[in-house]
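# Structural characterization, general
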Amino acid sequence: MKKISELESSIIEAIYDKKGSRITTIDLSDIEASPAPQLIICQARSSAQVAAIADNVREEVSRKLHIKPYATDGYRNAQWVIVDFGSIMVHVFQPEVREFYRLEELWSDGELTELPDLE
């Protein structure tokens, strides 16, 4: 079983803090063509919650670990926001957008771990 990094732990805590659900981590470290060594995917009920989760991830990681993301994208519509920390890319989706893009299926050759919802 892989050891969870401080960055991964901080991201997951920040998602839970804003009531994000269906959190899945995908370890892509053994896949050469992957966009990052790890993806963390979650979902939110509304565009406001998508933005709030992404903001909280950025703020908490910055506060706890003094790490800022390399890039963020998707705030305009807030249906799918990406926060890129280099070693971990965080994807925050509205449910219908997550279902459409199916990142878990696209990267199913990685090691997928589904985390329990808190509610």
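What you are looking at is a predicted structure, and each value in this text was computed from that prediction instead of being measured.

### Details of helix H1 (residues 6–17)
Look at H1: 16 Å from first C-alpha to last across twelve residues, which is about the 16 Å you get at 1.5 Å a residue. Among the residues of H1, those classed as buried are Leu7, Glu8, Ser10, Ile11, Ile12, Ala14, Ile15 and Tyr16. Looking at the buried positions of H1, the neighbouring elements they touch are strand S1 (21–27), strand S2 (38–43), helix H2 (47–65) and strand S5 (88–93).

### With respect to the sheet that holds S1
As a general point, the strands of a sheet are linked pairwise by backbone hydrogen bonds and lie either parallel or antiparallel. In spatial order, the strands read S3-S4-S5-S2-S1-S6; together these six strands make up an open sheet with mixed pairing. Every other strand in the sheet has two partners, leaving strand S3 (71–73) and strand S6 (111–114) as the edge strands with one partner each. Here the average twist between neighbouring strands, direction ignored, is 15°. Examined bridge by bridge, S1 and S2 share five bridges and lie antiparallel to one another.

### A short note on unusual backbone geometry
Across the chain, the bulk of peptide bonds are trans and the bulk of non-glycine residues have phi less than zero. Phi is positive for alanine 78, close to 50°, though the residue is something other than glycine. Here alanine 78 lies in the loop between S3 and strand S4 (80–84). On the accessibility criterion, alanine 78 (5% relative accessible area) is buried. Look at arginine 102: it is not a glycine, yet its phi comes out positive at around 45°. Tracing the backbone shows arginine 102 in the loop between helix H3 (95–101) and helix H4 (103–106). Here arginine 102 falls in the partly exposed class, since its relative accessible area comes to 35%.

### Things to note about H2
Since the α-helix packs 3.6 residues into each turn, any two residues three or four apart lie on the same face. If you check H2, its first and last C-alpha atoms are 27 Å apart, about what 19 residues at 1.5 Å a residue would give, namely 27 Å. Inspection of H2 places Gln49, Val50, Ala51, Ile53, Ala54, Asn56, Val57, Glu60, Val61 and Leu65 among the buried residues, and these make up the whole buried set.

### Quick word on the pairing of S1
Of all the seven residues making up S1, six are buried; the element is thus mostly covered by neighbouring parts of the structure. For S1 and S6, the ladder comprises four bridges, and the chain directions are antiparallel. What sits directly across from threonine 25, in S6, is threonine 113.

### Quick notes on the pairing of S2
For S2, the tally of buried residues reaches six of six residues, placing the bulk of the element in the interior. By the alternation rule, side chains of S2 split into Gln38, Ile40 and Cys42 and Leu39, Ile41 and Gln43, which are all buried. The pairing of S2 with S5 spans six bridges and is parallel. In the strand pairing of S5, cysteine 42 is matched with valine 92.

### Describing the nonpolar core
Counting residues in hydrophobic clusters, the biggest one holds 24 residues, and the most contacted among them are Ile11, Ile15, Val57, Phe85 and Val90. Listing elements by their share of this core, those giving two or more residues are H1, S2, H2, S4 and S5. It is H2 that contributes the most residues to this core, seven residues altogether. Setting aside chain neighbours within four positions, we find phenylalanine 85 in contact with Leu7, Ile11, Val57, Arg58, Val61, Ile67, Lys68, Pro69, Tyr70 and Val90. Counting residues in hydrophobic clusters, the runner-up holds eleven residues, among them Ala36, Met89, Val97 and Trp107.

Parameters and conventions
Residues numbered from 1 in each chain as written. Predicted model: local features only at pLDDT ≥ 70, side-chain atom pairs only at ≥ 80, totals over all residues. Heavy atoms only, no water. Helix = DSSP H or I, 4+ residues; strand = E, 2+ residues; numbered from the N terminus. Expected span 1.5 Å × (residues − 1). Buried < 20%, exposed > 50% of the residue type's maximum accessible area, 1.4 Å probe, protein only. Contact = heavy atoms within 4.5 Å. Pairing = 2+ DSSP bridges. Axes fitted to C-alpha atoms, helices over the stretch in contact; angles between N-to-C directions. Core = buried A, V, L, I, M, F, W, Y, C linked by side-chain atoms within 4.5 Å.

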